[in-house]
Amino acid sequence: MTDETRIEPDALTEFAAAVLRSHDVPEADSRLVADSLVQSDLWGHQSHGVLRLPWYVARLRTGAMTAVTAPEVIADAGALQILDGRDGIGQVLTETARKSAIERARQYGIGMVGVRNSNHFGTAMYYTRRAALDGCASILTTNASPAMAPWGGREKRLGTNPWSIGAPAPTPGGAVVVDIANTAVARGKIYLARNRGESIPDTWAMNADGRITTDASEAIDGVILPMAGHKGYAITFMMDILSGALTGSNTGTAVTGPYVADRPSGAGHMFIAIDVASAGKTEHYLEAVQGLIDEVHSTPLAEGSDRIYYPGEVEDNAAASNLADGGVVLAEQTLSDIRALATETGTALPF
């Protein structure tokens, strides 16, 4: 297979779902997880795409992540609900939280659902985009395993702790959306660079000795730098409060990442949904969003820029382009990992 060979998204989704089903994940759940991974690849975020499938499978095999996700309601205060994920699949738990938050938003104007004892859920914008299509603005936060040192330190204490904000919009994708890790880069992008045999920018990470590195393998063993200096550190700290402390889940160094096969994650999430119709006339809201999009699009360009994008437009364009070209191109190491999964599970390859 050459670098120019593309894999058709539906075939890749079916492959990933079949691999998960072979590990006792129910049909609907396996398709949700597979769709979230392939959609990330289509958006151009391969760090959160099928690259992660082998990690999920390894955790299913050890029982660190349970194949059948069965959350328990811990608290219900009307607009606020807390779920114990009981080590279930992160995507399934987050989609459950999203749906519950939207139901509550339609009743109360706003709904908040926290999840404790969850797992990695893939790309955060996958869920906030879905909420936008359901007529809600939303905020999704999560904590993650240690990757960042507190500002001024050189040892991992906090995760990348990404968050996403999405809202309905009169755009091709139906949403404006941002998805941000509080580090200079998402950790998955460093794994992707390693898989591709590429160096990384000198603004991304320190090695284990606290020195700046451009070696992806050294960065994985070292510390990822925060975005915007001390501001990124402060934001990631507060995301751990919302996702972990407030939901009753693990925080800081107690959270385990998806690439560790044999330990429960203890990750926590918080999904906040705001019903646009409850805040005012939806048509007025959409007119305002369109006006904002028009304003940023019409801004005179800075030197070296060829256009301006609204949040989420890059992903919309990437998905449209990949679909028009026939699918996604995966890194060679990711392909190798997929081939191994196919052999191990007896699942037909999609290429």
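The present account deals with the structure reproduced in this document. (Residues numbered from 1 in each chain as written. Predicted model: local features only at pLDDT ≥ 70, side-chain atom pairs only at ≥ 80, totals over all residues. Heavy atoms only, no water.)

**Things to note about the overall build of the chain**
Okay, so step 1: For the chain, the count of helices and strands is 12 helices and 10 strands.
Okay, so step 2: A compact globule built from 351 residues should have a C-alpha radius of gyration of about 20 Å, and the chain, at 20 Å, falls within 12% of that.
Okay, so step 3: Oriented by its inertia axes, the alpha-carbon framework of the chain measures out at about 55 × 55 × 45 Å.
Okay, so step 4: Sorting the 351 residues of the chain into buried and exposed places 52% on the buried side. (Helix = DSSP H or I, 4+ residues; strand = E, 2+ residues; numbered from the N terminus. Rg over C-alpha atoms; globule rule 2.2 N^0.38 Å. Buried < 20%, exposed > 50% of the residue type's maximum accessible area, 1.4 Å probe, protein only.)

**Topic: the sheet that holds strand E8 (residues 212-213)**
Okay, so step 1: In spatial order, the strands read E8-E7-E9; together these 3 strands make up an open sheet with antiparallel pairing. In this open sheet, the two strands that pair with only one neighbour each are E8 and strand E9 (223-224).
Okay, so step 2: Examined bridge by bridge, strand E7 (residues 205-206) and E9 share 2 bridges and lie antiparallel to one another. What sits directly across from Ala 205, in E9, is Ile 224. (Pairing = 2+ DSSP bridges.)

**Examining the packing of aromatic side chains**
Each pair of aromatic rings is reported with the distance of its centres and the angle of its planes.
Okay, so step 1: With the rule as written, the count across this model stands at 6 aromatic pairs.
Okay, so step 2: Each ring, one from Trp 55 and one from Tyr 259, has its centre 5.6 Å from the other, and the planes form 90°; the classification is edge-to-face. Of the two residues, Trp 55 sits in helix H3 (residues 53-62) while Tyr 259 sits in the loop between helix H8 (230-245) and strand E10 (267-275), which places them 204 residues apart along the sequence.
Okay, so step 3: Each ring, one from Tyr 233 and one from Phe 237, has its centre 6.5 Å from the other, and the planes form 70°; the classification is edge-to-face. Separated by 4 residues within a single helix, Tyr 233 and Phe 237 lie in helix H8, roughly one turn from each other.
Okay, so step 4: We classify Tyr 233 as partly exposed; its relative accessible area is 24%.
Okay, so step 5: Aromatic rings pair up to connect Trp 55, Tyr 191 and Tyr 259 into one cluster. (Phe/Tyr/Trp six-rings, centres within 6.5 Å; stacked < 30°, edge-to-face > 60°.)

**Notes on unusual backbone geometry**
It is generally the case that most residues other than glycine have a negative phi and that most peptide bonds are trans.
Okay, so step 1: A positive phi angle is found at Asp 24, which is not glycine, with a value near 75°.
Okay, so step 2: Here Asp 24 lies in the loop between helix H1 (9-21) and helix H2 (27-42).
Okay, so step 3: Classification of Asp 24 by relative accessible area gives exposed; the value is 61%.
Okay, so step 4: Here the phi dihedral of Arg 86 falls at roughly 55°; this positive angle occurs in a residue that is not glycine.
Okay, so step 5: Secondary-structure assignment places Arg 86 in the loop between strand E2 (80-84) and helix H4 (90-108).
Okay, so step 6: Note on Arg 86: relative accessible area 46%, which makes it partly exposed.

**As for the sheet that holds strand E4 (residues 136-142)**
Okay, so step 1: If you walk across this open sheet you meet the 7 strands as E1-E2-E3-E10-E4-E5-E6, and the pairing is mixed. The open sheet terminates on both sides in strands that have one partner only, identified here as strand E1 (72-76) and strand E6 (175-180). For this sheet the average axis-to-axis angle between neighbouring strands, irrespective of direction, equals 15°.
Okay, so step 2: When strand E5 (residues 163-168) meets E6, the two strands line up antiparallel, connected through 6 bridges. (Axes fitted to C-alpha atoms, helices over the stretch in contact; angles between N-to-C directions.)

**Some thoughts on the pattern of salt bridges**
Okay, so step 1: Enumeration according to the criterion identifies 16 salt bridges in this entry.
Okay, so step 2: Close ionic contact of Glu 95 with Arg 130 constitutes a salt bridge, the shortest N to O distance being 3.0 Å. Separated by 35 residues along the polypeptide, Glu 95 in helix H4 and Arg 130 in helix H5 (residues 125-133) bring together distant segments of the chain.
Okay, so step 3: Residue classification places Arg 130 among the partly exposed residues on the basis of a relative accessible area of 28%.
Okay, so step 4: Two residues, Asp 134 and Arg 98, come together in a salt bridge whose shortest N-O distance is 2.8 Å. Of this pair, Asp 134 sits in the loop between H5 and E4 while Arg 98 sits in helix H4, and the two are 36 residues apart along the sequence.
Okay, so step 5: Of the residues examined, Arg 98 reaches a relative accessible area of 5% and is grouped as buried. (Salt bridge = Lys/Arg side-chain N within 4 Å of Asp/Glu carboxyl O.)

**Looking at helix H11 (residues 313-325)**
Okay, so step 1: The terminal C-alpha atoms of H11 lie 18 Å apart, and with 13 residues this matches the ideal 18 Å at 1.5 Å per residue to within 8%.
Okay, so step 2: Three or more residues of H11 are buried, namely Glu 313, Glu 315, Asp 316, Ala 319 and Asn 322.
Okay, so step 3: Contacts made by the buried residues of H11 are with H2, H5, E6 and helix H10 (282-297).
Okay, so step 4: Count one or two residues on from H11 and you reach Gly 326, which has phi positive near 105°. (Expected span 1.5 Å × (residues − 1). Contact = heavy atoms within 4.5 Å.)

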